[in-house]
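Each chain, letter by letter, is given below.
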2 protein chains.
Amino acid sequence: MHVMVIGAAGMVGRKLVEKFASEEGALGYDISRLTLVDVIEPPVPQGLSPVAKALALDLSTEDAAGKLVALRPDVIFHLAAIVSGEAEADFDKGYKVNLDGTRALFEAIRHEGLREPYVPRVIFASSIAVFGKPFPEKIGDEFFTTPLTSYGTQKAICELLLADYSRRGIFDGVGIRLPTICIRPGKPNKAASGFFSNILREPLAGQEAVLPVDENVRHWFASPRSAVDFFIHAARMDTSAIGPRRNLTMPGLSALVGEEIEALRRVAGEKAVKLIRREPDPVIRSIVSGWATDFDARRACELGFKAETNFDEIIRIHIEDELAGDI
Amino acid sequence: MHVMVIGAAGMVGRKLVEKFASEEGALGYDISRLTLVDVIEPPVPQGLSPVAKALALDLSTEDAAGKLVALRPDVIFHLAAIVSGEAEADFDKGYKVNLDGTRALFEAIRHEGLREPYVPRVIFASSIAVFGKPFPEKIGDEFFTTPLTSYGTQKAICELLLADYSRRGIFDGVGIRLPTICIRPGKPNKAASGFFSNILREPLAGQEAVLPVDENVRHWFASPRSAVDFFIHAARMDTSAIGPRRNLTMPGLSALVGEEIEALRRVAGEKAVKLIRREPDPVIRSIVSGWATDFDARRACELGFKAETNFDEIIRIHIEDELAGDI
């Protein structure tokens, strides 16, 4: 099978590709060819070099989608996007990359299929940003999408396109609404959601971290390992069980910041917790107050998607996957 | 105020413009200039000729949106679309007219506003086709949009764009999800929903009509007069009461085909009812079985939108507005 990952240099994209390298048959079939795409040339993990090819290509530029689809991959993971803050700051770029880029990919598949029968599996990275407050206490699978950012709007539109193209048999699509990924590896970044990871990752590495909100802030989480497993499961699953509602809110863990800190104390002790410095930031507090806090992701659970059920597990996964088991 | 109606040659568009002609101040202000647009030159009602200009222009063609917006109308009614059946049969045309045409209009407004401050009111004709079965018994205001046609997908996408452009202050948008309009004036057409009107309109005119489904089929209706009033109200209302959820399911009447027939009997007698010929059509029955049957349109009602509450009223409106009170 020919597998393509668009957005293969991003955090989840890289981890997905690393999984292909570390676990033969992760997708349930052999990968005879692997095409890795991103705006910068994505890394090729050791062991995959015989089958993998890395391409630096911007999906939103003329003909890029056509070039990729001409390779006729059997499975396409589409994770390429600019992030929420950038899409809000740059209206044109957000719509060009997140909407037009995705639509160009879908259209390229349609035209390839008109030329010669072709119905790939397409797994699309969506986001809980498709929802906008006010919310019920738990957001169910039939709650409407009223995004309050251009990023969320672009994701919600792509979800609609994915469902329509799948309904018409142009491709076999699954939309994956990711929770906030925690613990994000790497350095602290300036994303408003960064602190959810920072306050665990930095103390685990003996570094100070800033907490800009109260401990009673609730949010919706899954580990990077779960995120990778969502994509793998979406590629392997029998899509006939999904029906026409192709976009699925992934399972996750609804937890308070205070519960994150308690889990850190249990796993790494008081010394780690003391590295969290409280520095209330009204701007971040206000942004975060608009985010969803809890979901009833029943459909995805019934379809076999799984996530963590407590923060101790999320921390242990980080220690295993990022710190070689060592703190 | 400069008012523009795009799709002014369609059934609702014509009736909206006729209302401007027949009722001075219908919009709550003087219309100093009226621009009527459609792919064919729309008619200008008597009395409006001093202020009205009719243009034959296809919104989905290059520069068309820019030309219209350069006129800087204060209020834009956007009703132009190709219908459901055509959008399903012609994928390219459906997306080009219903999605790209609307987006071009929204983008033209954004660019005009970047050139010189400009925030028009935009009223967009959406449809209950944004919903797809299975449904709850009554579809509430927070039910999600999972269209099962490309037409419904295009409308749902334009709703998302309208909300995002409004949130950003690019224009002041209201999306109006119309019920099935009944009694549609004119000749029987081949739309799958045509019979809902045909079985009343034709017998009222002494003509035979075909009923292709059972009497226990339920559907969601409003009169053409209500449809016009929805648009007028959306143009007049204080939009600050709407908040960011800019797309509203309009109120309507949930009724059985059997109730339509009973109302016809009360208003026009047994002789009229006898003109309905039952000719079951499994294709139409199957299409209709996928349609929504009932809504709880609470938000629109609270915001002052109104529709009929029984079929006698719907029939009487047809007799008044189309048959000069005479049957």
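What counts and what doesn't
Residues numbered from 1 in each chain as written. Chains lettered and ligands numbered in written order. Predicted model: local features only at pLDDT ≥ 70, side-chain atom pairs only at ≥ 80, totals over all residues. Heavy atoms only, no water. Core = buried A, V, L, I, M, F, W, Y, C linked by side-chain atoms within 4.5 Å. Buried < 20%, exposed > 50% of the residue type's maximum accessible area, 1.4 Å probe, protein only. Contact = heavy atoms within 4.5 Å. Pairing = 2+ DSSP bridges. Helix = DSSP H or I, 4+ residues; strand = E, 2+ residues; numbered from the N terminus. Axes fitted to C-alpha atoms, helices over the stretch in contact; angles between N-to-C directions. Right-handed = clockwise from strand over helix to strand, strands pointing away. Phe/Tyr/Trp six-rings, centres within 6.5 Å; stacked < 30°, edge-to-face > 60°. Parallel < 35°, antiparallel > 145°, perpendicular 65-115°, else oblique. Left-handed = near helix turned anticlockwise from the far one by under 90°. Buried area = accessible area lost by both parts, 1.4 Å probe. Salt bridge = Lys/Arg side-chain N within 4 Å of Asp/Glu carboxyl O. Polar contact = N/O pair within 3.5 Å; in protein donor to acceptor, adjacent residues only side chain to side chain. Least-squares fit on C-alpha atoms with pLDDT ≥ 70 in both. Expected span 1.5 Å × (residues − 1).

The name that an unreviewed UniProt entry assigns to chain A is NAD-dependent epimerase/dehydratase domain-containing protein, with the source organism given as Rhizobium favelukesii.

1. Comments concerning the nonpolar core
I6 and I109 of chain A together with I6 and I109 of chain B are the most contacted members of the largest nonpolar core, which has 74 residues in total. Other than its neighbours up to four places away in sequence, I6 of chain A contacts V37, L59, L68, I76, F77, H78, L79, A80 and L105 of chain A.

2. Considering the sheet that holds strand β7 (residues 180-181) of chain A
Residue and element names in this part refer to chain A. Read across the open sheet, the 3 strands follow the order β7-β9-β11; overall the sheet is mixed. The two strands at the open ends of the sheet, each matched to only one other strand, are β7 and β11 (253-256). Pairing geometry for β7 and strand β9 (residues 218-222), over 2 bridges, is parallel. Following the sheet pairing, I181 is matched in β9 by A222. Sheet contacts for helix α8 (residues 257-268): β9 and β11; angle to β11, the most-contacted strand, approximately 90°.

3. A closer look at the pairing of strand β2 (residues 33-38) of chain A
All names here are of chain A. Within β2, 5 of the 6 residues are buried, leaving the element largely enclosed by the surrounding structure. Sheet analysis places strand β1 (residues 2-6) next to β2, joined by 5 bridges and oriented parallel. Bridge assignment links V5 to a residue of β2, and that residue is L36. Crossover β1 to β2 through helix α1 (residues 11-22) is right-handed. Pairing geometry for β2 and strand β3 (residues 52-56), over 5 bridges, is parallel.

4. So, the packing of aromatic side chains
For the structure on display, the rule yields 32 aromatic pairs over all chains. Ring centres of F106 of chain A and F171 of chain A lie 4.8 Å apart, and the angle between their planes is 55°; this geometry places the pair in the tilted category. With F106 of chain A in helix α4 (residues 91-115) and F171 of chain A in the loop between α5 (150-167) and β6 (172-178), this pair connects stretches of sequence that are 65 residues apart. Summarising the burial analysis for this pair, F106 of chain A and F171 of chain A share the class buried. With centroids separated by 6.3 Å and ring planes inclined at 35°, the aromatic side chains of F131 of chain A and F143 of chain A adopt a geometry described as tilted. Residue F131 of chain A is located in the loop between β5 (121-127) and α5, and its partner F143 of chain A is located in the loop between β5 and α5; the two are separated by 12 residues in the primary sequence. Per residue, the accessibility class of F131 of chain A equals that of F143 of chain A, and both read buried. Taken together, the ring pairs connect F91 and Y95 of chain A together with F106, Y165 and F171 of chain B into an aromatic cluster.

5. Describing the packing of helix α1 (residues 11-22) of chain B against helix α7 (residues 224-236) of chain B
Residue and element names in this part refer to chain B. In the contact formed by α1 and α7, the axes pass within 9 Å of each other and the chain directions differ by 70°. In this view, α1 runs roughly perpendicular relative to α7, as classed from their interaxial angle. In this structure, the crossing between α1 and α7 has a hand that is right-handed. In this structure, α1 uses M11, V12, K15, L16, K19 and F20 to contact α7, whose residues at the interface are P224, A227, V228, D229, F231 and I232.

6. With respect to the interface of chain A and chain B
Of the residues lining the interface, 35 residues belong to chain A; the matching set on chain B comes to 35 residues. In total, chain A and chain B occlude about 3,100 Å² of area from one another, counting both sides; carbon and sulfur atoms represent 53% of this. As a salt-bridge pair, R103 of chain B and D100 of chain A come within 2.7 Å of each other at their nearest N and O atoms. Joining chain A to chain B, the criterion identifies 26 residue pairs in polar contact (both at pLDDT 80 or more). Of all elements in the fold, only α3 (84-89), α4 and α5 of chain A reach the threshold of two or more residues within the side of chain A that touches chain B.

7. A short note on the relation of the copies chain A and chain B
Superposing chain A onto chain B takes a rotation of 180° combined with a translation of 0.0 Å along the rotation axis, leaving an RMSD of 0.0 Å. This pairing of chains is accounted for by a two-fold axis. Every residue of chain A has its C-alpha some distance from the rotation axis, and the shortest such distance is that of F144 of chain A, at 1.8 Å. The share of interface residues of chain A whose copies in chain B are also at the interface is 100%, consistent with both copies meeting through the same surface.

8. Digging into the side chain of S150 of chain B
On the secondary structure map, S150 of chain B appears in helix α5 (residues 150-167). Residue classification places S150 of chain B among the buried residues on the basis of a relative accessible area of 0%. Of note is the side chain of S150 of chain B, whose polar atom sits 2.8 Å from the side chain of R168 of chain A. In contact with S150 of chain B, other than residues within four places in its own chain, are D164, R167 and R168 of chain A together with A87, E88, F91 and Y95 of chain B.

9. Some remarks on α1 of chain A
With 12 residues, α1 of chain A should reach 16 Å at 1.5 Å per residue; the first-to-last C-alpha distance of 16 Å fits that figure. Restricting attention to buried positions, one finds in α1 of chain A the residues M11, V12, G13, K15, L16, V17, K19 and F20 of chain A.

10. Notes on the pattern of salt bridges
Here the structure, examined in full by the defined rule, presents 56 salt bridges over all chains. A salt bridge links R168 of chain A to E88 of chain B; the shortest N-O distance between them is 3.6 Å. Residue R168 of chain A is located in the loop between α5 and β6, and its partner E88 of chain B is located in helix α3 (residues 84-89); the two belong to separate chains. Across the pair R225 of chain A and D321 of chain A runs a salt bridge whose closest N-O atoms are separated by 2.9 Å. With R225 of chain A in helix α7 (residues 224-236) and D321 of chain A in helix α12 (residues 311-322), the pair connects residues that are 96 residues apart, well separated along the chain. On the basis of relative accessible area, R225 of chain A is assigned to the partly exposed category, the value being 30%. D321 of chain A gets classed as partly exposed once you look at its relative accessible area, which sits at 38%. Overlapping salt bridges, with partners in common, bring together R72, E112, R115 and E116 of chain A in one network.

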